[in-house]
There are 2 protein chains.
Amino acid sequence: MTRSLSCFLLVLSAQLTLWTDLAQASSGDEYEAALVDAVDRQRLARWHESYSEEVHVAGDEGDARLIDTLRLDFETLGLEVEVHRFHAYLPRPVSAKLEIVAEPEELGGGPFSVGASPLPLALPIREKAVEGDRFVSDERTSFGWNAYAASGDVTADVVYANYGLKEDFAELKKLGVDVKGKIVLARYGGNFRGYKAKFAEAAGAVGLVIFTDPADAGFRRGDVWPRGGYANETYIQRGSVLTLDYPGDPLTPFVDATEDAERLDPEEVDLPRIPVQPIGWGAAWEIVRRMTGDGAPNAWQGGLPTYYRLGGKGLRLRLQVEQERRLVETANVVGMLRGTEQSDQWVLIGSHHDAWSFGAGDPNAGSILVTEAAKAFAEAAQRGRKPKRSILFAHWGAEEYGIIGSTEWVEGRRQQLEASAVAYLNLDGAALGTRFGSQASPTLKTMMEEISRVVEHPDGDSIWDHWNRDGEAPFGDLGGGSDHVAFYCHAGVPSAGIAGRGTPGVAYHSNYGNLDWYWKMVGDDYRAAEMLAHYVVRWAARLADYELLPLDPSRYGEDVVMHLDAMWRNRPADEAKERTENLRSAAEGFSAAAREDLEALARAVEEGRLDAAEMRRANEILLGMERLWLTDAGIPDRPWYRNLFAATDADSGYAPWMLPALRWTLENDRLDRWKEMEARYLQVFHLLQQEMSTLAALADRGAS
Amino acid sequence: MTRSLSCFLLVLSAQLTLWTDLAQASSGDEYEAALVDAVDRQRLARWHESYSEEVHVAGDEGDARLIDTLRLDFETLGLEVEVHRFHAYLPRPVSAKLEIVAEPEELGGGPFSVGASPLPLALPIREKAVEGDRFVSDERTSFGWNAYAASGDVTADVVYANYGLKEDFAELKKLGVDVKGKIVLARYGGNFRGYKAKFAEAAGAVGLVIFTDPADAGFRRGDVWPRGGYANETYIQRGSVLTLDYPGDPLTPFVDATEDAERLDPEEVDLPRIPVQPIGWGAAWEIVRRMTGDGAPNAWQGGLPTYYRLGGKGLRLRLQVEQERRLVETANVVGMLRGTEQSDQWVLIGSHHDAWSFGAGDPNAGSILVTEAAKAFAEAAQRGRKPKRSILFAHWGAEEYGIIGSTEWVEGRRQQLEASAVAYLNLDGAALGTRFGSQASPTLKTMMEEISRVVEHPDGDSIWDHWNRDGEAPFGDLGGGSDHVAFYCHAGVPSAGIAGRGTPGVAYHSNYGNLDWYWKMVGDDYRAAEMLAHYVVRWAARLADYELLPLDPSRYGEDVVMHLDAMWRNRPADEAKERTENLRSAAEGFSAAAREDLEALARAVEEGRLDAAEMRRANEILLGMERLWLTDAGIPDRPWYRNLFAATDADSGYAPWMLPALRWTLENDRLDRWKEMEARYLQVFHLLQQEMSTLAALADRGAS
């Protein structure tokens, strides 16, 4: 780390002064200052109330009304608005029931285990009403459900599978526990819930019940709602269990889900085949306390007051789930502020608008930043100050079902985006606290650290001072699970996400995720939202208005080395060295050279040695370098994922696979294909190097 | 480690062949084999039933009857029996009550929190009767109590202090939580319970309630009694809260507590001044779930189904404790098998006989090994084969109150023990499973590893194969808490403890610690006891019968280096080096030389080059070297602790302080006295070296 850190700070400082000078030269500072001043906390609160006043699930009437509201908001700001309608294959919940139909004769002892209950015992699958929450009992809220679960009615014994990770099912197998014909009980956490269902189904389970464990999000973490913000016994995490080799509409991979698009036959699509039901820990308790089989491993013990066991031994559950899957129309709302010089170059900011309930946190804590940023730029535009490049503000639809809206939009404009998209910033549910965090693709990191040094934190100092105590910004890697995926992994658009966290509580995907929860737990002063909005406008202003695009391709070198190290950690050191040394030296060599070339280019720009055409050419080259990571064949087994730099984790969903073609060889014991994959990465660096030389040549022009 | 490990194995192999050869030469093998054959599992079971049939708390009628039984058993075996009576200042429980007298208006939510109860609510302080346990409801079982707690009746708010460690109270202070005038609620674990009381009292608390947390010993660990062996909601850990600068009778430090001994005035003795009450987690739940103050740190969250808080906020407890402290007569029972040649040299084996209830686990799982070992040696003796040195088999009294019986016995015979005691083996509650563990002072380790390689494990292979997977025996260091303390820390007799663990459950110090629990959880086949008995007879036979004492003083070198490293870990490396290099090189130099001298000596013995007088001289020197660690002044602040090599931890009780005079300077920020203390250790190595030279001279006699 130290090595890459030091290089990193070197290039950082170089670029910092560099771009700052350029910005001053181009009045960028005044522009940013005006945008920052325009951000208004009262208005953030108003957007929030407006977007969170009713339940708005993709395709329902609340969703339709919100789409109109968002369109109207953008139109009022004078943006060029596109309401991009699409038709996606979405389920809706019809009914669900979870019952205990038989229990062991002798139940465990202890003061928490009440005796046998009259059977069948129906378990709660909806949040309870609580004092101080005016939203939860709204008639349009749904019971707990997992979108795309199969319809079915099964009665079976139960097997506890911890978090339902790949390794958890492997452990069950090792312990000789047969999942075949059983209903799996798994707790939320550790992976995308869809993989719990996928692995359960693969193991032969006939159903899956997913619960939120008190140790992970309930009383073991802090006070529960409404006293505090953590999961009370009826908190239920909804969410999709879709796991395909591509995000977006299940029936239209690669193409926009227009009304007349060619569609797959749902029968051909690998949708879940078992019923799945999410529950709270109150309901889970009724199950867990009745299990009398062998004890579960220590690490599998959760926060409920009993010994967690692997099997029920006489305990039988009935799980009945009915969902209707059909084509539904919903829409993305995209507002454009056209740039004055390179209007064909797009800077994109987005968050989805659909929710599982009121969506005060997910997504509206991010949606309000999109609209507020648009408002800030619109105000400046009305006073005649517009950015050089175009900025697109997007509210995506149907993200919760499978990142559908943004994916369809990208699939319909892939060439255009590859040609001219500068970067995408994702804000899904961002303003949930003041503890700043960020994921970013390499070329954006230098600029984003720079911004973190000038944005004020509500507790004083800069975001940087709070974010980063050890001199290196802890950027995460972009994984799956939100609207950046199509931009980043399919179209090769450098992407980033920012968020504020640190609020003691969890209302994620539940009917408690409403304004009452947000105001009590996150606060009603909107300081977190204000901080992030300041960051967003600066981010967009720099990418859209700096004369030289603030992209730092030299970062690819350090990051590739970092990811190679991570990939081979816990493997034989000598083999790691041998396998990675070619690519490592290519990456290191590229970074070193690229930093010099970029500084030369910056000086050339500073000294005005580049004419307009050359400047445009330089920016085109910088953009083009991002796309060199794209491969038309896609990565092994997942052709939709076209970015050789990053993909989502094929076994967990949320996590990323960095350098996925190489990672694939390790995860699938196909080291026989390592060389072949490595060659593709060496080729990328070869091409990156060529582009850099062209930039260097431009920079040299007329150099003294 | 690698270094000391390699040296270690070197000397080990040398000594192994050495002593084994000597043993063969002296028919040691046949003797050991006969002793091993004599061990009988049916008889172990019979001793166990006999010693565990009734409650026997030090000084009560059950205790008196057991003392008679033990005497009779030894007499029947033909041993010379001493019933060493002493008069100790012991409390007895008169009454106790713990009530919730006031609770906050609004209690926490969740399905586990029943509503408000009629107050005052009396909390259970006695184990409940359960099916399959014929002992727990015996009329002579006591309610839960902590010996030496002050009598008192206090009503106050409650403060949760985690484990009540020194650092826990420091954390409370840091968090601004005032303990003054409060009743502290602390969970068992992490230190000797007496220190929980000591720290609570020092912080100004008016009372202490100690509970067993389900996360530490209850349902989070496994099935609870009677379904499994772990703590059910009424399991209560009894035990003394005595913490003085010396073990033994509080009124007679340094001298035997004979009837007419000079005694301190109890008022002058630093006995607890606050009432203390132990409870089970069922009672603790009633308190914890009613606490509504600020949340406790994450690491303080336990296994009860609520958010653990620091304060009660409106919750008030009443704690009433009455104990009567008075002089009580009880006794040690010591049986001697006199040696044929050096009968003045003693090999000692012991376990205490007093218990908090039936004592099937603690202590009788150890007591039966003492008697069975005596039986094996007695049988051989009847067939005419007696050991060269004397073996003393001891059942100590009143250990539970403060290691009293063994301490009084040692204090009354200190000169004699210093002159001629070879070693002490402690067996307190040893046979609780088949997972072997051991603590030993350095000079015994080589021999004890050798024994572990020849004693069979019930699961096949040797103890060594199961004990030790990485080539180095994981010997622990002898700390406090049992009958080796006076031998080791006061009289400088090399000591060891062995035990079998690994049973999934805890009945420690509760009324559930009876034969029903032992037979169900540990088993009624007595294979663990048999394995340990085999070890014990070999241990005693080698020390009592090998011509050359199997003590390996060269081990002091490696262990001192190890302890210096441990002491300075997490401190500045350069300072550590500078502070420790003198002593380190003295220790390493000594070990290297000592190993050569010992091997030369062994050869001389093997070749019969030493006459009887010289052999006796060699053994006297080996014994004498152990006492070179003794200091008449004692270690800083604790004059009773006379062994510079080891003492008990002054802040936790159970743990050891190795090289305590040096450790003291670190624990008390008195590095200004490091040099002075270091000098004492350098002097020890100087004297050890001198003795070694004398041994070497003996070895050289007539060497070819």
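Keep in mind it's a predicted model, so treat the numbers as computed, not measured. (Residues numbered from 1 in each chain as written. Chains lettered and ligands numbered in written order. Predicted model: local features only at pLDDT ≥ 70, side-chain atom pairs only at ≥ 80, totals over all residues. Heavy atoms only, no water.)

(A) Spotlight on the overall build of chain A. Counting its regular elements, chain A contains 22 helices and 14 strands. Computed over the C-alpha atoms, the radius of gyration of chain A is 26 Å, within 12% of the 27 Å expected from 2.2 N^0.38 for a compact globule of 704 residues. Burial status across chain A gives 64% buried among its 704 residues. Residue pairs in contact within chain A that sit at least 24 positions apart in sequence constitute 79% of those at least 6 positions apart. (Helix = DSSP H or I, 4+ residues; strand = E, 2+ residues; numbered from the N terminus. Rg over C-alpha atoms; globule rule 2.2 N^0.38 Å. Buried < 20%, exposed > 50% of the residue type's maximum accessible area, 1.4 Å probe, protein only. Contact = heavy atoms within 4.5 Å.)

(B) The arrangement of the interface of chain A and chain B in detail. Each partner contributes to the interface: chain A provides 24 residues, whereas chain B provides 23 residues. Interface area for chain A against chain B, summed over the two sides, is near 2100 Å², with a carbon-plus-sulfur share of 55%. On the chain A side of the interface with chain B, the three residues burying the most area are F112, R220 and R227 of chain A, jointly 31% of the side's total. Between D223 of chain A and R309 of chain B there is a salt bridge; the shortest N-O distance is 2.0 Å. (Buried area = accessible area lost by both parts, 1.4 Å probe. Salt bridge = Lys/Arg side-chain N within 4 Å of Asp/Glu carboxyl O.)

(C) Inspection of the domain arrangement of chain A at higher detail. All names here are of chain A. Domain boundaries in chain A define domain 1 (34-89 + 327-544), domain 2 (91-323) and domain 3 (554-703). Computed over C-alpha atoms, the centres of domain 2 and domain 3 are 41 Å apart. Every contact between the two is made by ten residues of domain 2 and, on the other side, eleven residues of domain 3. Considering only the surface of domain 2 that becomes buried against domain 3, Y195, D245 and F254 emerge as the three largest contributors, covering 46% of it. At the surface where domain 2 touches domain 3, the tally comes to one salt bridge. Between D651 and K166 there is a salt bridge, and its shortest N-O distance comes to 3.3 Å. Run the count over domain 2 and domain 3 and you get three residue pairs in polar contact (both at pLDDT 80 or more). Across the side of domain 2 that touches domain 3, the residue classes tally to six nonpolar, one polar and three charged. (Domains from an automatic or database assignment. Polar contact = N/O pair within 3.5 Å; in protein donor to acceptor, adjacent residues only side chain to side chain. Nonpolar A, V, L, I, M, F, W, Y, C, P; charged D, E, K, R; others polar.)

(D) Summary view of the relation of the copies chain A and chain B. After a rotation of 180° and a shift along the axis of 0.1 Å, chain A superposes on chain B with an RMSD of 0.1 Å. Such a turn and shift between the copies fits a two-fold axis. The rotation axis passes nearest to the C-alpha of P305 of chain A in chain A, at a distance of 2.8 Å. Counting the interface residues of chain A, we find that 96% of their copies in chain B are interface residues as well, pointing to one common contact surface. (Least-squares fit on C-alpha atoms with pLDDT ≥ 70 in both.)

(E) Summary view of helix α6 (residues 193-202) of chain A. All names here are of chain A. Judged by how many residues are buried, α6 sits mostly within the fold: seven of ten residues are covered. Regarding α6, the residues found buried are R193, G194, Y195, K196, A197, F199 and A200. At the C-terminal side of α6, G204 shows a positive phi close to 95°.

(F) Seen up close, helix α8 (residues 281-288) of chain B. All names here are of chain B. By the criterion of burial, α8 is predominantly enclosed, with seven of the eight residues buried. Three or more residues of α8 are buried, namely W281, G282, A283, A284, W285, I287 and V288. Residues of α8 that are buried in the fold lie against β1 (80-102), β4 (183-187), β5 (207-211), α7 (214-217), β6 (276-279) and β7 (311-337).

(G) A look at the packing of aromatic side chains. Across all of its chains, the model carries 68 aromatic pairs over all chains by this definition. Considering the side-chain rings of F590 of chain B and F685 of chain B, the 5.7 Å spacing of their centres and the 55° angle between planes classify their relative orientation as tilted. Here F590 of chain B, found in helix α19 (residues 573-606), pairs with F685 of chain B, found in helix α22 (residues 674-700); they are 95 residues apart in sequence, far enough to count as distant. Side by side, F590 of chain B and F685 of chain B carry an identical accessibility label, which is buried. Taking the centre distance of 5.2 Å and the plane angle of 75° together, the rings of W629 of chain B and F645 of chain B count as edge-to-face. Of the two residues, W629 of chain B is situated in the loop between α20 (612-627) and β13 (646-648) and F645 of chain B in the loop between α20 and β13; the sequence distance between them amounts to 16 residues. Taken together through their ring pairs, the aromatic side chains of Y556, F590, W629, F645, Y681 and F685 of chain A make up a single cluster. A cation over a ring is seen here: R385 of chain A above Y31 of chain A, with NZ or CZ 3.9 Å from the ring centre. Over the ring of Y641 of chain B we find R638 of chain B; its NZ or CZ atom is 4.8 Å from the centre of that ring. (Phe/Tyr/Trp six-rings, centres within 6.5 Å; stacked < 30°, edge-to-face > 60°. Lys NZ or Arg CZ within 6 Å of the ring centre and 35° of its normal.)

(H) Summary view of empty space enclosed by the protein. Residue and element names in this part refer to chain B. The full count for this structure, using the stated rule, is eight cavities of 30 Å³ or more. Taken as a whole, the largest cavity holds about 50 Å³ of empty space. Of the residues belonging to the lining of the largest cavity, the class tally is six nonpolar, two polar and one charged. No fewer than three residues from each of domain 1 (34-89 + 327-544) and domain 3 (554-703) sit in the lining of the largest cavity. (1 Å grid on protein atoms, 1.4 Å probe; cavity = no way out; pocket = protein on both sides within 12 Å on 5 of 7 lines; lining within 4 Å. Points joined across faces, edges and corners; volume = space filled by probe spheres on them.)

(I) Local environment of the environment of F192 of chain A. Residues and elements named next belong to chain A. Its place among the elements puts F192 in the loop between β4 (183-187) and α6. For F192, a relative accessible area of 15% translates into the label buried. Through-space distance from the C-alpha of F192 to that of A655 is 8.6 Å; in sequence the pair is 463 residues apart. In this structure F192 touches S240, L242, T243, S652, G653 and Y654, once residues within four positions along its chain are discounted.

(J) Highlighting the side chain of R187 of chain A. All names here are of chain A. Tracing the sequence through the fold places R187 in strand β4. Since its relative accessible area comes to 2%, R187 is described here as buried. At 3.2 Å, the side chain of R187 forms a polar contact with the side chain of Y160. In this structure the side chain of R187 is engaged in a polar contact, spanning 3.2 Å, whose partner is the side chain of Y163.

(K) Summary view of the confidence of the model for chain A. Residues and elements named next belong to chain A. Taken as a whole, chain A shows an average pLDDT of 93; of its residues, 94% reach a score of 70 or greater. A low-confidence stretch, residues 1-14 stays under pLDDT 50, and its non-local contacts, those more than four residues away or across chains, total 20 contacts. With a pTM of 0.89, the predicted complex shows an ipTM of 0.85. (pLDDT = per-residue confidence, 0-100.)

(L) Just the pattern of salt bridges, in detail. Using the criterion set out here, one finds 100 salt bridges over all chains in the structure. Here E82 of chain B ties to R413 of chain B by a salt bridge, and the two come within 2.6 Å at their closest N and O atoms. Placement of E82 of chain B in strand β1 and of R413 of chain B in the loop between α11 (404-412) and α12 (414-420) is noted, with a sequence separation of 331 residues between them. Several salt bridges share partner residues, and in doing so they unite E54, D60, E61, R65 and R140 of chain A into one network.

(M) Structural detail: unusual backbone geometry. Cis peptide bonds are those with omega within 30 degrees of zero, and the linkage from D362 of chain A to P363 of chain A qualifies with 15°. If you trace the backbone, P363 of chain A turns up in the loop between β8 (342-352) and α9 (364-382). A cis geometry characterises the amide bond from W225 of chain B onward to P226 of chain B, with omega recorded as 10°. Summarising the element assignment, P226 of chain B is placed in the loop between α7 and β6. Positive phi outside glycine occurs at I403 of chain A, with the angle close to 55°. For I403 of chain A, a relative accessible area of 10% corresponds to the buried category.

(N) Representation of the pairing of strand β12 (residues 495-501) of chain B. Residues and elements named next belong to chain B. Among the seven residues that make up β12, six are buried, leaving the element largely enclosed by the rest of the structure. Two elements, strand β10 (residues 421-426) and β12, share three bridges in a ladder whose sense is parallel. Within β12, the position partnered with L425 by the bridge is A496. Here strand β11 (residues 435-440) pairs with β12 via six bridges, running antiparallel. Note that in β12 the partner of G437 across the bridge is A499. (Pairing = 2+ DSSP bridges.)

(O) Expanded view of the packing of helix α18 (residues 555-568) of chain B against helix α21 (residues 660-667) of chain B. Residues and elements named next belong to chain B. Packing of α18 against α21 leaves a shortest axis separation of 11 Å and a crossing angle of 10°. Considered as vectors, α18 and α21 are oriented roughly parallel to each other. Where α18 abuts α21, its residues L564, M567 and W568 lie against L662, R663 and L666. (Axes fitted to C-alpha atoms, helices over the stretch in contact; angles between N-to-C directions. Parallel < 35°, antiparallel > 145°, perpendicular 65-115°, else oblique.)

(P) Up close: the environment of R43 of chain B. All names here are of chain B. You can see R43 is positioned in helix α3 (residues 41-52). A residue is classified by how much of its surface remains accessible, and R43, at 12% relative accessible area, is buried. Put simply, R43 and T371 are 328 residues apart on the chain and 9.9 Å apart in space, counted from C-alpha to C-alpha. Beyond its immediate stretch of four places on either side in the chain, R43 contacts A38, E372, K375 and E379.

(Q) Local environment of the packing of helix α19 (residues 573-606) of chain A against helix α22 (residues 674-700) of chain A. Residues and elements named next belong to chain A. Here α19 crosses α22 at 15°, and the two axes come no closer than 9 Å. Considering the angle they form, α19 stands roughly parallel to α22. Here α19 runs over α22; the crossing is left-handed. For the contact of α19 with α22, the residue count by class is 19 nonpolar, three polar and four charged. (Left-handed = near helix turned anticlockwise from the far one by under 90°.)

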